[in-house]
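One letter stands for each residue in the lines below.
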Amino acid sequence: MPHAIDPDFAIRVRESFERQNVMHLIRATLPVVEPGRAEIHLPHWEGVEQQHGFVHGGVVGTIADSAAGYAAMSIVPDNASVLTVEYKMNLMAPADGEKLIARGEVIRPGRTLIVTKAEVFAVKDGKETLCALMQQTIMVMHGKTEK
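Read on for an overview of the structure. (Residues numbered from 1 in each chain as written. Predicted model: local features only at pLDDT ≥ 70, side-chain atom pairs only at ≥ 80, totals over all residues. Heavy atoms only, no water.)

Concerning the sheet that holds strand β2 (residues 37-43)
(1) Moving on: Spatial strand order, β1-β2-β4-β5-β6-β3: six strands in an open sheet with antiparallel pairing. At either end of the open sheet lies a strand with only one pairing partner, and these are β1 (29-34) and β3 (80-91). Strand-to-strand, the axes of this sheet are offset by a mean angle of 20°, without reference to chain direction.
(2) Moving on: In this sheet, strand β5 (residues 113-124) lies alongside strand β4 (residues 99-108) in antiparallel orientation, the contact comprising nine bridges. Considered in β5, the bridge of A102 is made with V120.
(3) Moving on: Against the sheet, helix α1 (residues 9-19) makes contact with β1, β2 and β3, and its axis sits at roughly 155° relative to β1, the strand it touches most.
(4) Moving on: Docked against the sheet, helix α3 (residues 57-73) engages β2, β3, β4, β5 and β6 (127-142), running at close to 40° with respect to β4. (Pairing = 2+ DSSP bridges. Helix = DSSP H or I, 4+ residues; strand = E, 2+ residues; numbered from the N terminus. Axes fitted to C-alpha atoms, helices over the stretch in contact; angles between N-to-C directions. Contact = heavy atoms within 4.5 Å.)

Notes on the side chain of S16
(1) Moving on: Positionally, S16 belongs in helix α1.
(2) Moving on: Polar side-chain contacts of S16 include one of 3.0 Å to the side chain of Y70.
(3) Moving on: Those residues in contact with S16 that sit more than four places away from it in its chain are Y70, M73 and E146. (Polar contact = N/O pair within 3.5 Å; in protein donor to acceptor, adjacent residues only side chain to side chain.)

As for α3
Side chains of residues three or four places apart in an α-helix project in the same direction, reflecting 3.6 residues per turn.
(1) Moving on: Look at α3: 24 Å from first C-alpha to last across 17 residues, which is about the 24 Å you get at 1.5 Å a residue.
(2) Moving on: Summarising burial for α3: 13 of the 17 residues are buried, a large majority. (Expected span 1.5 Å × (residues − 1). Buried < 20%, exposed > 50% of the residue type's maximum accessible area, 1.4 Å probe, protein only.)

Section: the packing of aromatic side chains
Given two aromatic rings, their pairing is described by the distance between the two centres and the angle made by the two planes.
(1) Moving on: Counting across every chain of the model gives one aromatic pair.
(2) Moving on: When the ring centre of W45 is taken as origin, the NZ or CZ atom of R27, which lies over that ring, is 3.6 Å away. (Phe/Tyr/Trp six-rings, centres within 6.5 Å; stacked < 30°, edge-to-face > 60°. Lys NZ or Arg CZ within 6 Å of the ring centre and 35° of its normal.)

As for the pattern of salt bridges
(1) Moving on: Tallied over the full model, the rule gives eight salt bridges.
(2) Moving on: Through salt bridges with shared partners, a single network forms among E34, R37, E39, R103 and E128. (Salt bridge = Lys/Arg side-chain N within 4 Å of Asp/Glu carboxyl O.)

Quick notes on the nonpolar core
(1) Moving on: Counting 40 residues, the largest nonpolar core has I40, L100 and V120 as the members making the most contacts within it.
(2) Moving on: Elements that contribute at least two residues to this core include exactly α1, β1, β2, α3, β3, β4, β5 and β6.
(3) Moving on: It is α3 that contributes the most residues to this core, 10 residues altogether.
(4) Moving on: The residues touching V120, leaving out its near neighbours within four places in the chain, are V60, I63, A64, L100, I101, A102, T129, L130, C131 and A132. (Core = buried A, V, L, I, M, F, W, Y, C linked by side-chain atoms within 4.5 Å.)

Structure below.
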């Protein structure tokens, strides 16, 4: 597992999450932030559903992108920020459950590019079902902090 360069990485990641208005809009939370790892939880509610009653694939992509992005952010210097430049996602099962959990993880750290993955699980009756898998490339923007 990669290590954190910035001892205050968790504070910085959580402050960034609070500035992401879309996370408030969809009622997502960030309960786990560790070096090279982050988790976003999303309750299943009417506002994130598609026409069949499952969580919309775009919302699944949103939490996967952010969970993996925050995993990457946890290992960059405090004077840098991160930006997604590419991701590929497989939606493997309906996002059907009481909540979704997106687990992001750094696969390959780098100075300029970081490769991450996210797995998204639908939790129903206490059982987790893998519903999406994402691979992502993150660009490290040295000397550029967030707004």
